[in-house]
Amino acid sequence: MNLFDLSWRNMKRDFRLYGIYFVSLLVGVVIYFTFAAFMFNPDILAALSNKEILQTGAAITSIVVFLFIIFFILYANSFFMKQRKKEFGMYLLYGMSEWQIAGMVLIETVCLSAVSLTGGIIAGGLLSKFFGMLLMRLMQYEQVISFSFPVEAVGSTVVLFLILIVMTSVQSYFSVRRVQLVELFHAKAKMDRPLSFSAGLAGCAIVLLGLGYFLISQAGDSVYWSRHFTISFIATIVGIIGGTYLFFRQSFGWVLERISRRKTYVEGSQMLWVSSLRFSVRGNTTNLTFISLFSALIIFLVGFVAINYAVHFVSAGQEFPNHLAFTSQDEPTRNQIERMIEEDHHRVLYHKEIQGLRTEPVAGREAAFGERYEASVLLFAASQYNEIVSLRGDDQQVNVQGQEAVALARGGASANGDAGGNPPHFTVKLKEETTFDVIGKKDYVLLGKATEASGDIGKMPAVLIISDEAFARLQPGQVLASFDIYQIDKAAKSVALSRKIHDIVVTSPETYYSAFVDLYTIDIEGSSLLLFSVAFLAVIALFAMGSIIYFKQLREATEEQRHYAILRQIGVSDGLLKGVIRTQLLFVFLPPLLLGLLHSWFLLHYLAMAEVRGFPQLTSMIATVLALYFVIYFLFYASSTRVYYKIVNPKTVMN
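By convention here, each chain's residues receive numbers from 1 onward along its written sequence. Owing to the predicted nature of the model, reporting of local features is limited to residues with pLDDT of at least 70; listing and counting of side-chain atom pairs is limited to 80 or more, with chain, interface and lining totals taken over all residues. Calculated side-chain values reflect all of the structure's heavy atoms, with hydrogen atoms and water omitted.

Description of the overall build of the chain
Phase 1 of the analysis: Scanning the chain from terminus to terminus reveals 20 helices and 9 strands.
Phase 2 of the analysis: The cut-offs for exposure are 20% and 50% of the maximum accessible area for each residue type, with area from a 1.4 Å probe on protein chains only; residues under the lower value are buried, those over the upper are exposed, and the others partly exposed. When the 655 residues of the chain are sorted by exposure, 50% land in the buried category.
Phase 3 of the analysis: Throughout, a contact is declared for two residues whenever any of their heavy atoms are within 4.5 Å. Pairs at least 24 apart in sequence give 82% of the contacts found in the chain among residues at least 6 apart.
Phase 4 of the analysis: Summed over its atoms, the accessible surface of the chain is roughly 30,900 Å², and 62% of this surface lies on carbon and sulfur atoms. For the purposes of this entry, the term helix denotes a DSSP run of H or I that reaches at least four residues, the term strand denotes a run of E that reaches at least two, and both are numbered from the N terminus. Residue burial considers only the protein chains on display, and all accessible areas are found by Shrake-Rupley using a 1.4 Å probe.

Laid out in structure tokens, this is it:
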């Protein structure tokens, strides 16, 4: 019998164990190829206006995905090797060399990798279409994404798994070298001792968590953070981390100990799963603490990025309410622009020409606008401003009389007067100096920042809305600053159109040009790609954490085979054993899930969502992440209970 025959017989004999390892390899291929095929999909590349954003984000994300795949496969291979220690000891006893055993393992790895590569690439290609459609939906593009198996994606996936075969082979060889013949004859002799649990420490865990949650809920302008930031920050970290650790080390164990003291403890299956959990508290504490904290961090990060995405969607329309705005052109040029809009399959919703007075402020500029705005100021009549506001369908009209004025300043909704309560003054000079009483600041944009197709932007024009009578009095003899404003349909798809119009109207550096799409493509594509990448990595990370619990439980199942064999010999039924396993694993999977969700809810609710609670898509995005969190952990739980039972009762298939 040669090594190929032996490898084939091993795989047929212990299909369950090899199946677990094969699924791990398959999942690794699917994850990597899904991302790689998505990154090189020609339809996605064609849809993006700024491919540099995709390339930069993909480069960073691919490194993280690559490291995850290496960690995941090496972790699975480590579990695989530890499960076969007795088998390797038997081979050594029969006279096989370490190199021969390593060669046999290499043959098995190559065979499993080849099959997983084929299946994973097919499944990954299908999934990449789904994720591409999801990204287009986030960007609100209508691009159709086709099935794609790019050569670059296939090649990089094959190279990755060639590297992994080498790494797992080296890992397997050293695992074989560490095998001692004595392991063939001795089962596990060492077992974790049950901890002694303290009601005081159990209560301390609740107090620490309560402290952390209380301080998080007070984030903002409360005295705890405004005057004692450092102390509050440290107390929050200690409360959350320390409370989580003590919860799994003491509170969880204390509850189990209290259950064990009940009179009904010996009835039913309670004694079996409680005693098993009490022995495993010590070994599971660190893992469960890490999983809870890391889950909370992941969900918070996804929520924060989702909020960033939501803010960009809202702010894009607020910062650039005009789809096209530029210094007014002569009639032939204006007709040419409108023909270009029609040829690019857009419809003009409305076109307006507004005229203002450009002047240099003498006093009051800083109080009205600040550094974000241009030095010169544009004066517009209230009637012109109100007409544009009505066309947009906004409720932002102003009512000014005489020398009253309203400054359009983002982030400001009021104007502070002097000590006597009088409105602040704003003085400009045209023919002569004229002073206005600024009765308010309005967080609204009439003319957006000047833009370039490259993404460069200028400062926001400083706009002061004055009364019609004041404008009429100042206008005679002055050169009016005139602007054309266009609102078009499908503005988000007007990148090429914007560049053509820009080249026509911008004849000098002083010419004003602003297009909604120039910044929309950068902001929305960038925030959408960031949200997609972070959500993709979050799902991977949750999968990895679920795998940690999964493999640890299967390892414990192997170590407890003798104990379950004794239970069967004394008459414990299969149904009762299944119930014990389900309950036992539920207490391992459920607490970190719930505690991680609780941590993340406090962080999101009090630190991230305060300003954007009304955004319609935000709740659904975060709910999707939480749903995936539940689904992934439920699948691991269901699979763990089934495989756990097969390990401890190998001759029976779990229903």
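A closer look at the side chain of S113
Phase 1 of the analysis: Turning to its location among the elements, S113 is positioned in helix α6 (residues 98-139).
Phase 2 of the analysis: Contact partners of S113, with chain neighbours within four places excluded, come to L25 and I165.

Notes on the nonpolar core
Phase 1 of the analysis: Membership of the largest hydrophobic core comes to 131 residues, with the highest contact counts inside it found for I69 and I501.
Phase 2 of the analysis: Beyond its immediate chain neighbours, meaning those up to four positions away, I69 contacts G28, I31, Y32, L160 and L164.
Phase 3 of the analysis: Of all hydrophobic cores here, the second largest spans 23 residues; its members include Y373, V428, A470 and F471. Joining through side-chain atoms within 4.5 Å is the link that ties buried Ala, Val, Leu, Ile, Met, Phe, Trp, Tyr and Cys residues into a set, and such a set is a nonpolar core.

Observations concerning the side chain of S494
Phase 1 of the analysis: With respect to the secondary-structure elements, S494 resides in the loop between β8 (480-488) and α16 (495-505).
Phase 2 of the analysis: N or O atoms closer than or at 3.5 Å make up a polar contact, with two conditions inside protein: a donor-capable atom paired with an acceptor-capable one, and, for residues adjacent in sequence, both atoms drawn from side chains. Within the structure, the side chain of S494 is placed 2.6 Å from the backbone oxygen of A491, a separation counted as a polar contact.
Phase 3 of the analysis: When residues no more than four places from it in sequence are discounted, the contact partners of S494 are D344, H346, I488 and V517.

Looking at unusual backbone geometry
Phase 1 of the analysis: Phi at H345 is positive, roughly 65 degrees, even though this residue is not glycine.
Phase 2 of the analysis: Among the secondary structure elements, H345 is positioned in the loop between α12 (331-343) and β2 (348-363).
Phase 3 of the analysis: The exposed category is assigned to H345, whose relative accessible area is 61%.
Phase 4 of the analysis: Even without glycine at this site, K490 takes up a positive phi of about 50 degrees.
Phase 5 of the analysis: A residue is classified by how much of its surface remains accessible, and K490, at 47% relative accessible area, is partly exposed.

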